[in-house]
Amino acid sequence: MKIAGLIFAGGKSSRFSDGPKEEALLSGRTLLSHVIARAAPQVDILAISRAEESATAAGGLAVVADEFQDCGPLGGLHAGLCWANELTPKAEYLATFACDTPMIPEDLVARLLEALLKSGASAAIAHAAGERHPTLGLWSSALEPLARRRLEAGDYSLHAMAAAAGAAAADFSNDDRRALFNVNTKADLRALEGMLGAAPL
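Residues numbered from 1 in each chain as written. Predicted model: local features only at pLDDT ≥ 70, side-chain atom pairs only at ≥ 80, totals over all residues. Heavy atoms only, no water.

**Remarks on the overall build of the protein chain**
Each helix and strand in the protein chain was counted, giving 6 helices and 9 strands. Relative to the globule expectation of 17 Å for 201 residues, the C-alpha radius of gyration of the protein chain, 16 Å, shows essentially globular dimensions. Principal axes of the C-alpha set define a box for the protein chain whose edges measure 45 × 40 × 30 Å. Expressed as a percentage of its 201 residues, the buried residues of the protein chain come to 50%. Contacts in the protein chain between residues at least 24 apart in sequence constitute 67% of all its contacts with a sequence separation of at least 6. Total accessible area computed for the protein chain in this model is approximately 9100 Å², and 50% of it derives from carbon and sulfur atoms. Distance between charge centres in the protein chain, computed from 18 positive and 24 negative side chains, equals 4 Å. (Helix = DSSP H or I, 4+ residues; strand = E, 2+ residues; numbered from the N terminus. Rg over C-alpha atoms; globule rule 2.2 N^0.38 Å. Buried < 20%, exposed > 50% of the residue type's maximum accessible area, 1.4 Å probe, protein only. Contact = heavy atoms within 4.5 Å. Areas by Shrake-Rupley, 256 points an atom, 1.4 Å probe, with all protein chains shown as cover. Lys, Arg positive; Asp, Glu negative; His and termini not counted. Charge placed at Lys NZ, Arg CZ, Asp CG, Glu CD.)

See the structure below:
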């Protein structure tokens with residue numbers, strides 16, 4: 001089966017100062033470059049989700065622009081599902097990653113796929129310590145109509161989209177807590193720097 005990958009990087013970084021969050025440096029490299037390095041080996045093709053088609057991407061990756069503007073990650077997911085369906089051959093699944101979760105497990109997609117196939121669901125999302133992480137997910141490309149309907153209805157919640165799709169939960173509770181650490185603020189970035197400095201992941 002073909003799995004396409006999409007990194008959500010179309011947000012406005014409203015809680016992050018000093019420019020786009022994805023360009024912030026962690027151990028001398030941008031957050032986005034960390035995600036690309038860990039995500040690319042896990043999928044057959046990787047692209048960057050942006051709000052606008054004219055926006056730039058990193059590492060020569062394609063840009064997938066939102067059709068529905070200002071709708072958050074669900075708008076990016078919908079655009080990614082459309083892109084996955086348009087590939088030749090089309091991708092059966094779309095794996096999604098967040099540009100602000102730089103230390104994702106190197107077997108993230110494999111474990112999401114295992115949970116999806118074991119449950120018979122059409123999607124799977126990461127779960128750890130009682131918290132769900134729908135930006136780290138694996139979605140059947142057949143879910144595009146559902147994503148479109150939810151956007152047209154004005155429901156932009158990615159959590160709600162996962163629930164509507166009956167997403168299975170892949171458990172990462174026993175992983176190093178840095179693996180799903182989400183950088184929303186400069187304080188978060190400093191905290192993650194400290195954790196990585198103590199023991200590289």
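**Examining the pairing of strand β1 (residues 3–8)**
For β1, a buried count of 6 out of 6 residues is recorded, marking the element as mostly surrounded by other parts of the structure. Across 5 bridges, the pairing between β1 and strand β4 (residues 45–50) is parallel. Note on β4: the bridge partner recorded for Ala 4 is Ile 45. (Pairing = 2+ DSSP bridges.)

**Remarks on the side chain of Arg 50**
Among the structural elements, Arg 50 can be located in strand β4. On the basis of relative accessibility, which here comes to 9%, the residue Arg 50 falls in the buried class. At a separation of 2.9 Å, a polar atom in the side chain of Arg 50 contacts the main-chain carbonyl oxygen of Ala 9. (Polar contact = N/O pair within 3.5 Å; in protein donor to acceptor, adjacent residues only side chain to side chain.)

The values reported here are purely geometric and, on their own, carry no functional implication.
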